[in-house]
Amino acid sequence: MEPNNSRYKIHHGAVILKDQILPDGCVLVENGKIVEVAAGDLDFPGAIEINAHGNYISPGFIDIHIHGGGGHDFMDGTVEAFLEIAKTHARYGTTAMLPTTLTSEKEDLILTLEAYQQANLINTEGASFIGMHLEGPYFALSQRGAQDPKYIRNPDPKEYQFILENYDCIKRWSAAPELPGAIEFGQYVSSKGVLVALAHTDAIYEEVEKAFAHGYRLATHFYSAMSGVTRKNAFRFAGAVEAGYLIDDMDVEIIADGVHLPAPLLKLVYKIKGAKKTALITDAMRAAGLAPGNSILGHKDKGLAVIVEDGVAKLPDRSAFAGSIATADRLVRTMLQKTDAPLLEIIQMISDVPARIMKIDSEKGSLTKHKDADILIFDKDINIQMTMVNGRIVYSL
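Treat the numbers as computed from the prediction; the structure is a model and nothing was measured.

**What to know about the side chain of Lys277**
Relative to the helices and strands, Lys277 is located in the loop between helix H7 (263-272) and strand E18 (278-281). For Lys277, a relative accessible area of 19% puts it in the buried group. Among the polar contacts made by the side chain of Lys277, one reaches the main-chain carbonyl oxygen of Asp249 at a distance of 3.3 Å.

As structure tokens, this is what we get:
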């Protein structure tokens, strides 16, 4: 693996920018940063030349909700798990990721946060880490999905304040906004500069509207484990899904694997929220990148047994999905095949938009001068040919 102080010239490819695709362009990289992007060819003496052979040259994919892959889960709580997941997903175009926890005992959560801090110091062979995402444990039991019910509880100020005071690696926290204490939770967590998202929720529109005003800015895996229209005493109430559409400034993230959301819903999200307010996520569990069969959701010893079939993980009784096995390239491919969104906007949804949501768009998310050299080469079918992370080639065919 070349050191990231190497100079690279990536050329003869269609360069995907934020607002256009250059049919034949060139990207220059030095010291891990992009130093120039231009149409045509540029002289860059002493650079290692990478010919894209007419394929796409794209910003790297940023996955802000991911649990595992390659046979590992972040809840395993080991440095090895973190590093192997980062390497696995880099093969499919992910250059930056937000490792995500599952609802668990506090001790297991701490173990995972400790492992993150150690792994982050030595992670040079896969996608980079951009912080931790805590998914739970403050959820509606009725919308738990595959989250273990024995750990689900209401927000506890002593608990969440302790965690945030001791682990500054946490950049996002997902919770159900209708729970007792959830508004105070949202205010406190967002005041610490941590993104608060609504998830696994039975909130009605009015509760989401209030939550949005108190820090809840993102809808976690939109549609999944989330209330829609309900009836109470003959009256209809709009739910969290409708709130996600109606609140213009709320971002949504979608598992665009074609299974969690079928084509009509992918089209609807794109039509209403648009590319600029929608992030594509894998929400991948440990079976991502592996063959179908039996797997485990969560900790390898304490997790939930699941079956992987039909391109998704399911509970053993097949009553519900139990996680995604998607990789980032599959999300792009699915959006291309199942919606009328153009490639330029789809790439925005998996690069620029997640970077903005996580407030790292000054460093990542587009092929722009001075930004990190997180760069992909892929063909018209979104088969990844090369992955570069911070100016290092971590994968190539």
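The structure having been displayed, the exposition proceeds.
**Digging into the UniProt feature "domain: Amidohydrolase-related" (unreviewed entry) in the protein**
In this numbering, the UniProt entry assigns the feature "domain: Amidohydrolase-related" (unreviewed entry) to residues 56-394. As a span, residues 56-394 carries 29% helix and 25% strand, and end to end its C-alpha atoms are 18 Å apart.

**Quick word on the environment of Ser174**
Assignment of secondary structure puts Ser174 in strand E12 (residues 170-175). By relative accessible area, Ser174 is classed as buried at 0%. Taking C-alpha positions, Ser174 is 48 Å from Pro45, a pair spaced 129 residues apart along the chain. Excluding residues that lie within four positions of it along the chain, Ser174 makes contacts with His133, Leu134, Glu135, Gly136, Phe139, Ala197, Ala199 and Thr220. At 2.9 Å, the side chain of Ser174 and the side chain of Thr220 are in polar contact.

**Thoughts on empty space enclosed by the protein**
Under the counting rule described, the total for this entry stands at 3 cavities of 30 Å³ or more. The calculated volume of the largest cavity comes to roughly 60 Å³. Around the largest cavity sit Thr101, Leu102, Thr103, Ser104, Leu109, Glu135, Gly136, Pro137, Tyr138, Arg153, Glu159 and Ile163, which together line it. Here the lining of the largest cavity is composed, by residue class, of 5 nonpolar, 4 polar and 3 charged. Quantified by volume, the second largest cavity comes out at close to 50 Å³.

**Quick word on unusual backbone geometry**
In the segment running from Gly136 into Pro137, the intervening peptide bond is cis, with an omega of 10 degrees. Structurally, Pro137 can be placed in the loop between strand E11 (132-135) and helix H3 (157-166). Phi is positive for His200, which is not a glycine, with a value near 45 degrees. Locating His200 in the fold gives a position in the loop between strand E13 (195-198) and helix H5 (205-213). Exposure remark for His200: the relative accessible area of 5% places this residue in the buried category. Within the chain, Tyr223 stands out as a residue other than glycine whose phi angle is a positive 85 degrees. Structurally, Tyr223 is set in the loop between strand E14 (216-219) and strand E15 (230-232).

**Describing the environment of Lys273**
On the secondary structure map, Lys273 appears in the loop between H7 and E18. With 105 residues separating them along the chain, Lys273 and Phe378 place their C-alpha atoms 27 Å apart. Residues in contact with Lys273, not counting those within four places in the same chain, are Gly244, Tyr245, Ile247, Asp248, Met250, Val252 and Thr278.

**Comments concerning the pattern of salt bridges**
Taken as a whole and assessed by the stated rule, the structure comprises 22 salt bridges. With a shortest N-O distance of 3.1 Å, Asp148 and Lys150 are connected by a salt bridge. With a relative accessible area of 60%, Lys150 lands in the exposed category. Residue Asp372 pairs with Lys364 through a salt bridge whose shortest N-O separation is 2.9 Å. The buried category is assigned to Asp372, whose relative accessible area is 10%. The structure contains a network of salt bridges with shared partners spanning Lys33, Lys364, Asp372 and Asp374.

**Brief notes about the pairing of E14**
Where E13 and E14 come together, 3 bridges link them in parallel fashion. Counted as the bridge partner of Ala197 is Leu218 from E14. Once the chain exits E13 it traverses H5 before rejoining the sheet at E14, and the crossover so formed is right-handed. By the bridge criterion, 2 bridges tie E14 to strand E17 (residues 251-255) in an arrangement that is parallel. In the strand pairing of E17, Ala219 is matched with Val252.

**Some thoughts on the packing of helix H1 (residues 79-90) against helix H2 (residues 106-122)**
The geometry of H1 relative to H2 is characterised by a closest axis approach of 8 Å and an angle of 55 degrees between their N-to-C directions. Comparing the axis directions of H1 and H2 gives the class oblique. You can see that H1 and H2 cross each other, and the crossing is right-handed. Note on element contacts: H2 touches H1 through Thr112, Ala115, Tyr116, Gln118, Ala119 and Ile122, opposite Val79, Phe82 and Leu83. Considered class by class, the residues forming the contact of H1 with H2 number 7 nonpolar, 2 polar and no charged.

Here is what the cut-offs are and how they apply
Residues numbered from 1 in each chain as written. Predicted model: local features only at pLDDT ≥ 70, side-chain atom pairs only at ≥ 80, totals over all residues. Heavy atoms only, no water. Helix = DSSP H or I, 4+ residues; strand = E, 2+ residues; numbered from the N terminus. Buried < 20%, exposed > 50% of the residue type's maximum accessible area, 1.4 Å probe, protein only. Polar contact = N/O pair within 3.5 Å; in protein donor to acceptor, adjacent residues only side chain to side chain. UniProt positions renumbered as here; feature names shortened; annotations may be inferred. Contact = heavy atoms within 4.5 Å. 1 Å grid on protein atoms, 1.4 Å probe; cavity = no way out; pocket = protein on both sides within 12 Å on 5 of 7 lines; lining within 4 Å. Points joined across faces, edges and corners; volume = space filled by probe spheres on them. Nonpolar A, V, L, I, M, F, W, Y, C, P; charged D, E, K, R; others polar. Salt bridge = Lys/Arg side-chain N within 4 Å of Asp/Glu carboxyl O. Pairing = 2+ DSSP bridges. Right-handed = clockwise from strand over helix to strand, strands pointing away. Axes fitted to C-alpha atoms, helices over the stretch in contact; angles between N-to-C directions. Parallel < 35°, antiparallel > 145°, perpendicular 65-115°, else oblique. Left-handed = near helix turned anticlockwise from the far one by under 90°.

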